[in-house]
Amino acid sequence: MRWLQSISNRLRSLFRRDTVEQEIGSELHFHIERQVEENILAGMNPQEARRAASREFGGVEQVKEECRDTRRANYLENLLKDVRYGFRMLRKSPSFTFFAVAVLALGIAANSAIFSIADAILVRPLPYRDANRLVMIWEDSSAYGFPKDTPAPGNFSDWKSRNQVFEDVAAISDGSFNLTGSGNPENLIGKWATANLFSVLGVSPALGRDFRPEDDVPGAPAVALLSHGLWLRRFGGDPRIVGKEILLNNEKCTVIGVMKRGAQFPDRETDLWVPSRFTTAQLANRRNHFLEVVARLKPRVSLGTANANLATIASQLEKENPDSNAKVGAFAVPLREELAGDVRPAIFMLLGAVCFVLLIACANVANLLLSRATGRRREMAMRIALGATRARVIQQMLTESILLSIFAGVAGLLFSIWGTKFLATLIPTGIAAMTGTGVDGRVLLFTLAISLATGIVFGIIPASRVSQFQLAHSLKQGGGRSGVGSGGHRLRDALVISEVALAIVLLTGAALMIRSLENLYHLDPGFRADHVLVMRTPLPRQKYEAFAARAAFYEQVLERVEGLPGVVAAGYTTWVPLTNAGGATGITIEGKPEPAPADVLVPNIRIISRDYTRALRMKLMEGRLFESRDAAGTLPVALINQTMARNYWTGEDPAGKRFKVGGYSEKSPWLTVIGVVGDVHQAGLAVPARAEMYLPYQQEDLGFEPEYLAVRTAGDPMALGEIVRQQIWAVDKEQPVAGMMPLEDLVDENLASRKMQASLLSGFAGLALLLVTLGIYAVLSFAVTQRTQEIGVRVALGAQPGDVLRMIFSQGFRLFLMGAALGLAAAFVLSRALVHLLFGVSAYDPASFAGVTILLAAVALLACYVPARRATRVDPLIALRYE
Amino acid sequence: MSKPTDLVQGTLDLLILKTIALEPMHGWAIAQRIRRVSNNVLQVNQGALYPALHRLEQQAWIQAKWGESENNRRAKYYSLTKAGQKYLRAEETNWERLSSAIGLVLKTV
């Protein structure tokens, strides 16, 4: 209780200064008056009595001042004093201050920038009610090569009706909506959604109403909910949009509402939502896997419980529907994790990296402070001699270092605001629109916290060392040179060693990432992305119901485009590489027994036009590509990729072999293999190819629509964009052309986040390298200054410049070797964390480890060289006179 | 600290605490009482007394209250806090140990 009272007294003295001042005055006044009375009682006359009393009391003002002083001895006042003093000290050595602040600011900026990204991805709330209870449910078809498959409607319905763990389950599926009527025809990215989608998500429209169950039955009038973005972009934010009709895929559709900004399920590309209006038959379909399913967990149900329940239901379904559900499991993933996707490990890696950078910066500044501290020993010794306690001296030194780190924090924050914009590409599109990016309160708080922590971390060591000075010893010693004693040496050495170790870890990580990226760039994806223009022309179902109508469209468009000057080849396909990982169907190989449902072969299927393989420069390994003779009504043919040839016809020549889509009983025709093409990486450059077949679009209607047009050009592909679009509109003036871009952009996009990760990590490693160089240099040049006298003696006794050089080099290099050994060991342990981010390189890649060590060794030698050279130039005469 | 009657800080604190242990007192009375009880040997200087009082108050060994004095004026009365009472007991013990030790040395040497 005493301390509480004491604090309240102190606060009172600080903040009620006037009252306290007045009280001191009246207290002393009373004393004097009382003495006057006493003197009068003793027989003096009043004048005499007053004079005597005053004389006895002495200087009233001095007493007042002393009272004030005792009251003022106050942490807060001390702090203010220290801050003022700290400012003065920092101003007195502007180059030190600038360097320290710059080094720390870089470290802090890196931290708060990466933190703000991590915050957006991992922490910032999603715009949904109780978003931590939202999960996505996937099918586990690992047995068929799809460990995370989009569920079939039949399974979705059963999960929804049988589970005991979800409040509700909703589903969406990809839709392509051609908006016509007013303005240019536009292809919108929409989602077919079950009516309960937004109630599951827990978000309601900003305008109008949500879907109702009666909107979501077959034959119900068509309605649509617009995304906030589409509403602004296409409808100018018209507040009276609700109730208006728009033309979607040539069907009149009533706008019933506009979604809240940010509520962009499943990602920011989504333009609108339309009720699925599934028929009972569609809802029983277990063959086509095309839904994305989101569910809300009941309160207090854990993810584990939910997954157990889903597994039970999946095994029931497996027994009930052996044809379709053999070896098909189900599992839930928290929405947040789903949206953050595969960026999570990279974010944790980067957080680790920036933390290392900051530690190195701290070690560097701590080292600088230590050398400064030697210079300030006399000052500190004086303070201690004059009665300052150790704690007081430490407080003052820490105030200075925290001042430094707060400056650095402010500078760092400014850097990071600029940096976050540049880093925003790291945030997956699914989450970016929802949580937004940039600096918010949490980032500010984080920056403040690490700034303070930084100040304490790098300040505490020098501060505690200074306060340990032997008083007499320090005061006796001259002010200029000499060290902090051998303990100080060891401390500085330890700091440099840990800097080297941290830098080795960072550099190794960066080297591994760069090698992975290099591997990816040099990887043959099975196609040439340069000089290829791609676009989508999804044909509306109503208009192109007939197979012949579609075929005619493709034929006319291709004929016109191929005829354009500057076009080398043009082809249609269901999906160009990197746009769809799946698109697969079960097949039967002629002559092999009908497989059990669980053993059906499910290769990827791509429906293409004759010259698609030529437009992409895919490699022909065997046989021939499609030709004009592979037309409707001729022998049904297929191209297969190498993986399919290897896995399905192991040890045989696939040419001329036959297979068909579906089982033996299926009416589909037998397809003859006419050629083998090289594997194309469809699912991502780093993802190995699956078995894949290519069928000509004219021969069979399998329900897969070619909608991507790929055009190989002689020159810049984008230069032909408008001309190609005009040719398509010449065939059908209402046909939207969407997503026009060079195929190279898709490749870049696919590598973008890896590229960003690698370049960030390299940037941080580079920064670390720079800081370590400075660190080694600073320690050695300080050592040379300290040993000037010793070196002088050695030279006087006949030491050659080579000897001196060797001596200094060995001192520096010893530090490097110890740090390197430590760092390599740490890197060996930590690089395991990178495994998921690497491609085609082992986490223990000897070349990376060796390269990094050699690089750092070279830099360390350079950092040693300058001080060592200075040491050889020591003039023994001057050196010995020194001091 | 040249005059023998000047009081070393710690000693003055002890005297003040002991003096107000009986009843709340204002500064003037504390000085008077110490002088009287010590038969005019210990003269407490105002310049030392008031800072000491304020320091003890700041440290919450004693507390102050404004009250009516014997001559009907407002005066600042000091009294011991609970912690102050404990502190006084501890300091008294210390002082006795110290003075008897000094006494022993003076007698025997």
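## A few points about the overall build of chain B
- Within chain B, the secondary structure is distributed over four helices and three strands.
- Counting all 109 residues of chain B, 40% fall into the buried class.
- A sequence separation of at least 24 residues applies to 46% of the contacts in chain B between residues at least 6 apart.
- Surface accessibility of chain B: about 6400 Å² in total, with carbon and sulfur atoms responsible for 55%.

## Examining helix H2 (residues 17–41) of chain A
- The end-to-end C-alpha distance of H2(A) is 36 Å, a good match for the 36 Å that 25 residues give at a rise of 1.5 Å each.
- Within two residues after H2(A), Gly43(A) carries a phi angle of roughly 110 degrees, on the positive side.

## Looking at the nonpolar core
All names here are of chain A.
- Core analysis: the biggest nonpolar cluster contains 97 residues, and Leu-506, Phe-764 and Ile-776 have the highest contact counts within it.
- When residues of this core are traced back to their parent elements, those giving at least two are helix H6 (94–123), helix H14 (343–375), helix H16 (390–423), helix H18 (441–467), helix H20 (486–522), helix H25 (743–786), helix H27 (801–830) and helix H28 (846–872).
- Within the second largest apolar cluster, 41 residues are counted, among which are Leu-671, Met-693, Val-711 and Trp-729.

## Details of a nonpolar patch on the surface
Residues and elements named next belong to chain A.
- Taken together, Ile-406, Val-410, Leu-414, Ile-417, Val-439, Leu-444, Leu-448 and Leu-452 make up a surface patch of nonpolar side chains, about 640 Å² in accessible area.
- Of all the secondary structure elements, the ones that give two or more residues to the nonpolar patch are H16 and H18.
- With respect to the helices, strands and loops of the structure, Leu-452 is situated in helix H18.
- We classify Leu-452 as partly exposed; its relative accessible area is 32%.

## Digging into a negative patch on the surface
- Taken together, the side chains of Glu269(A), Glu744(A), Asp745(A), Asp748(A) and Glu749(A) make up a negatively charged region of the molecular surface.
- You can see Glu749(A) is positioned in helix H25.

## Structural notes on the side chain of Gln396(A)
- Within the element layout of this structure, Gln396(A) appears in helix H16.
- Apart from the residues within four sequence positions on either side, Gln396(A) is in contact with Asp82(A), Tyr85(A), Arg376(A), Glu379(A), Met380(A) and Arg383(A).

## What to know about helix H15 (residues 377–385) of chain A
- Where H15(A) is concerned, the buried positions are Arg377(A), Met380(A), Ala381(A) and Ile384(A). End-on view of H15(A): buried residues confined to an arc of 100 degrees, all on one side of the axis.

## Points about the sheet that holds strand S1 (residues 25–26) of chain B
- The strand order across the open sheet formed by three strands is S1-S3-S2 (chain B), and the pairing between neighbours is antiparallel. The open sheet is flanked by S1 and strand S2 (62–68) of chain B, the only strands paired with a single partner.

## Describing the interface of chain A and chain B
- Each side of the interface is counted separately: chain A has 26 residues, and chain B has 26 residues.
- In this assembly, chain A packs against chain B so that about 2500 Å² is buried in total across both faces, 54% of it on carbon and sulfur atoms.
- Summed over the three residues of chain A that lose the most area to chain B, namely Arg2(A), Glu27(A) and Phe30(A), the buried surface amounts to 28% of that side.
- The interface formed by chain A and chain B contains seven residue pairs in polar contact (both at pLDDT 80 or more).
- In terms of residues, the side of chain A that touches chain B owes the most to one element, H2(A), which gives 12 residues.

## Remarks on the pattern of salt bridges
- By the definition in use, this model includes 51 salt bridges over all chains.
- Where salt bridges share partners, they join Glu33(A), Arg34(A), Glu37(A), Glu38(A), Arg50(A), Glu70(B) and Arg73(B) into one cluster.

## Concerning the packing of H6(A) against H14(A)
Residues and elements named next belong to chain A.
- Put simply, H6 and H14 touch, their axes get as near as 9 Å, and they point 165 degrees apart. Here H6 is positioned roughly antiparallel relative to H14, judged by the angle of their axes. Taken as a pair, H6 and H14 cross one another with a handedness that is left-handed.
- Grouping the constituent residues of the contact of H6 with H14 by class yields 27 nonpolar, two polar and two charged.

## Digging into the side chain of Gln682(A)
Residues and elements named next belong to chain A.
- Mapped onto the elements, Gln-682 comes out in the loop between strand S19 (671–677) and strand S20 (692–696).
- With relative accessibility at 6%, the residue Gln-682 sits in the buried group.
- Reaching out from Gln-682, the side chain makes a polar contact with the side chain of Glu-692 at a distance of 3.0 Å.
- Discounting residues that sit within four places of it in the chain, Gln-682 has contacts with Trp-575, Val-576, Pro-577, Leu-578, Thr-579, Asn-580, Asn-604, Arg-606, Glu-692 and Tyr-694.

## Structural notes on the packing of aromatic side chains
- The tally for this structure, following the rule as stated, stands at 18 aromatic pairs over all chains.
- With a centroid separation of 6.1 Å and 55 degrees between ring planes, the pair formed by Trp649(A) and Phe659(A) is classed as tilted. Here Phe659(A) lies in strand S18 (residues 658–661) and Trp649(A) lies in the loop between helix H23 (642–648) and S18, a separation of 10 residues in the sequence.
- A ring pair is formed by Trp61(B) and Tyr87(B), whose centres lie 4.0 Å apart and whose planes are at 0 degrees; its orientation type is stacked.

## Some remarks on unusual backbone geometry
All names here are of chain A.
- For the bond running from Phe-265 to Pro-266, omega is 0 degrees, close enough to zero to count as cis.
- Checked against the element boundaries, Pro-266 lands in the loop between strand S8 (251–258) and strand S9 (272–275).
- If you check the backbone angles, Asp-130 has positive phi at about 40 degrees while not being a glycine.
- Note on placement: Asp-130 falls in the loop between H6 and strand S1 (134–141).
- Backbone geometry places His-531, a non-glycine residue, at a positive phi of 55 degrees.
- Topologically, His-531 is positioned in the loop between H20 and strand S12 (532–536).

## Looking at the pairing of strand S17 (residues 637–641) of chain A
Residue and element names in this part refer to chain A.
- Within S17, five of the five residues are buried, which leaves it mostly tucked inside the rest of the structure.
- Covered by surrounding structure in S17 are Val-637, Leu-639 and Asn-641 together with Ala-638 and Ile-640, the residues of both alternating faces.
- Pairing between S17 and S19: five bridges, direction parallel. What sits directly across from Ile-640, in S19, is Val-676.
- Note that S17 and S20 share two bridges and pair antiparallel. By the bridge assignment, Ile-640 is partnered in S20 with Met-693.

## Points about the environment of Leu616(A)
Residues and elements named next belong to chain A.
- With respect to the helices and strands, Leu-616 occurs in the loop between helix H22 (612–615) and strand S16 (620–623).
- Exposure remark for Leu-616: the relative accessible area of 0% places this residue in the buried category.
- When the C-alpha positions of Leu-616 and Val-532 are compared, they lie 7.3 Å apart, and in sequence the two are 84 residues distant.
- Residues in contact with Leu-616, not counting those within four places in the same chain, are Phe-527, Arg-528, Pro-577, Ala-710, Arg-712 and Leu-743.

## Topic: the confidence of the model for chain A
- Summarising the model, chain A shows a mean pLDDT of 86, and 95% of its residues fall at 70 or more.
- Long-range and interchain partners of residues 478–485 of chain A, a stretch whose pLDDT sits below 50, account for 18 contacts in this model, where long-range means more than four residues apart.

## Examining the environment of Leu564(A)
All names here are of chain A.
- Checked against the element boundaries, Leu-564 lands in the loop between helix H21 (547–562) and strand S13 (567–573).
- Between the C-alpha atoms of Leu-564 and Gly-851, which are 287 residues apart in sequence, the distance is 51 Å.
- Setting aside residues up to four positions removed in sequence, Leu-564 forms contacts with Ile-723, Val-724 and Gln-727.

## Things to note about the pairing of strand S4 (residues 186–193) of chain A
Residue and element names in this part refer to chain A.
- Among the eight residues in S4, six count as buried, and that is most of the element.
- Bridge count between strand S3 (residues 166–180) and S4: eight bridges; the pairing is antiparallel. Residue Asn-178 lies in a different strand from S4, and its bridge partner there is Asn-187.
- Counted between consecutive antiparallel strands, the loop separating S3 from S4 contains five residues, among which Gly-181 sits at a positive phi close to 110 degrees.
- Strand direction decides the pairing type here: S4 and S9, joined by four bridges, are parallel. Bridging from a neighbouring strand, Gly-190 pairs with Leu-272 of S9.

Criteria and cut-off values
- Residues numbered from 1 in each chain as written.
- Chains lettered and ligands numbered in written order.
- Predicted model: local features only at pLDDT ≥ 70, side-chain atom pairs only at ≥ 80, totals over all residues.
- Heavy atoms only, no water.
- Helix = DSSP H or I, 4+ residues; strand = E, 2+ residues; numbered from the N terminus.
- Buried < 20%, exposed > 50% of the residue type's maximum accessible area, 1.4 Å probe, protein only.
- Contact = heavy atoms within 4.5 Å.
- Areas by Shrake-Rupley, 256 points an atom, 1.4 Å probe, with all protein chains shown as cover.
- Expected span 1.5 Å × (residues − 1).
- Core = buried A, V, L, I, M, F, W, Y, C linked by side-chain atoms within 4.5 Å.
- Patch = residues over 30% accessible without salt bridge, like charges linked within 9 Å, V, L, I, M, F, W, Y side chains within 5 Å.
- Salt bridge = Lys/Arg side-chain N within 4 Å of Asp/Glu carboxyl O.
- Lys, Arg positive; Asp, Glu negative; His and termini not counted.
- Charge placed at Lys NZ, Arg CZ, Asp CG, Glu CD.
- Arc of directions from axis to C-beta.
- Pairing = 2+ DSSP bridges.
- Buried area = accessible area lost by both parts, 1.4 Å probe.
- Polar contact = N/O pair within 3.5 Å; in protein donor to acceptor, adjacent residues only side chain to side chain.
- Axes fitted to C-alpha atoms, helices over the stretch in contact; angles between N-to-C directions.
- Parallel < 35°, antiparallel > 145°, perpendicular 65-115°, else oblique.
- Left-handed = near helix turned anticlockwise from the far one by under 90°.
- Nonpolar A, V, L, I, M, F, W, Y, C, P; charged D, E, K, R; others polar.
- Phe/Tyr/Trp six-rings, centres within 6.5 Å; stacked < 30°, edge-to-face > 60°.
- pLDDT = per-residue confidence, 0-100.

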